[in-house]
Amino acid sequence: MLFLLRMLLMGLHFMVAGVLGVLLGICRPFNPDNSRLCARLYALPAMRILRLNVKADVDSLRNKPGTCVVIANHQSNYDLFVVGTVVPHRTVCIAKKSLKWVPLFGQLFWLAGNVLIDRGNAHKARRAMLTTTHTLQHKDTSIWVFPEGTRNLGKGLLPFKKGAFHMAIAAGVPIVQVCVSNYVVHMKLNRWNSGDVLIRSLPPVPTAGLTANDVPALMQACQAQMDACIAELDREVQSA
């Protein structure tokens, strides 16, 4: 019963937040800080409805070194609400173009200045990546990417795709890794307290002086660091 009530409230919240977000986007279209404000608009009420206890240790993200590429693990659609609590200022996201057609949310996402990529068209995807590189270098705006490219359902990191790393190296900006404990496998939405979620950001990884040839090693190092951090967060949740 509690689960059904929560889903009803979340559906209503999703629609209300979507309307408010679209209005914000219309008032200041494509402002790169719209993403942060809309993320909070979705996340803060949702955490109260879902009763997820989110604890964040993200000083390196809040105090990010100017522009950067943020990479995070991607577990489920609930990530919108969970990581929405820590999206830093002037940070936009990369996502698949089909999101544009989701009622209210898609229009909000577009008006917030986020980057929509047609993954089925290699030429358009490369052009979008060049646009994000220019954004990183000249518009004081960071890019948030889920390098797995799809949801891992809390079963561990999937292999990373290269786009985020090429982008960071091309722009010469650092990478900030954001790790979220595997909350999906422990979340109990039919209980009053649904579970604990830990979020931690790692120190920035510099890319200055690297070339495209360094992408595989950089990608492997980042994935190993995030794997280790997520495992540590999971142990902390279980011991709490």
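Residues numbered from 1 in each chain as written. Predicted model: local features only at pLDDT ≥ 70, side-chain atom pairs only at ≥ 80, totals over all residues. Heavy atoms only, no water.

Draft legend 1. Molecular detail of the overall build of the protein. In terms of regular secondary structure, the protein is built from eight helices and seven strands. Here the C-alpha radius of gyration of the protein, 17 Å, is about what a compact globule of 240 residues would show, namely 18 Å. Considering only C-alpha atoms, the protein reaches an extent of 55 × 45 × 35 Å along its principal axes. Here the protein holds 240 residues, and 48% of them are scored as buried. (Helix = DSSP H or I, 4+ residues; strand = E, 2+ residues; numbered from the N terminus. Rg over C-alpha atoms; globule rule 2.2 N^0.38 Å. Buried < 20%, exposed > 50% of the residue type's maximum accessible area, 1.4 Å probe, protein only.)

Draft legend 2. Expanded view of the packing of helix α1 (residues 2–27) against helix α2 (residues 34–50). Running from N to C, α1 and α2 point in directions that differ by 160°, and their axes come no closer than 10 Å. It follows from the interaxial angle that α1 and α2 lie roughly antiparallel. Here α1 runs over α2; the crossing is right-handed. In contact with Arg 6, Met 7, Leu 9, Met 10, His 13, Phe 14, Ala 17, Gly 18, Leu 20, Gly 21, Leu 24 and Gly 25 of α1, α2 contributes Asn 34, Leu 37, Cys 38, Leu 41, Tyr 42, Pro 45, Ala 46, Ile 49 and Leu 50. A breakdown of the residues in the contact of α1 with α2 according to their chemical character gives 15 nonpolar, five polar and one charged. (Axes fitted to C-alpha atoms, helices over the stretch in contact; angles between N-to-C directions. Parallel < 35°, antiparallel > 145°, perpendicular 65-115°, else oblique. Left-handed = near helix turned anticlockwise from the far one by under 90°. Contact = heavy atoms within 4.5 Å. Nonpolar A, V, L, I, M, F, W, Y, C, P; charged D, E, K, R; others polar.)

Draft legend 3. Expanded view of the pairing of strand β2 (residues 69–72). Residues Val 69 and Ile 71 line one face of β2 and the alternating positions Val 70 and Ala 72 line the opposite face, and both faces are buried. In terms of strand pairing, β2 meets strand β6 (residues 175–180) through four bridges, oriented parallel. Paired with Ile 71 across the strands is Gln 177, a residue of β6. (Pairing = 2+ DSSP bridges.)

Draft legend 4. The arrangement of the side chain of Arg 6 in detail. Structurally, Arg 6 is set in helix α1. Comment: no salt bridge for buried Arg 6; closest opposite-charge side chain is Asp 196, at 12 Å. Ignoring anything within four residues of it in the chain, the contact list for Arg 6 reads Ile 49, Leu 50, Arg 51, Lys 188, Leu 189, Asn 190, Arg 191, Trp 192 and Ser 194. (Lys, Arg positive; Asp, Glu negative; His and termini not counted. Salt bridge = Lys/Arg side-chain N within 4 Å of Asp/Glu carboxyl O.)

Draft legend 5. Examining helix α7 (residues 163–171) more closely. The complete set of buried residues in α7 reads Ala 164, Phe 165, Met 167, Ala 168, Ile 169 and Ala 171. Just past α7, the residue Gly 172 takes up positive phi, approximately 70°.

In short, the description is geometric, and any link to function would need to be established separately.
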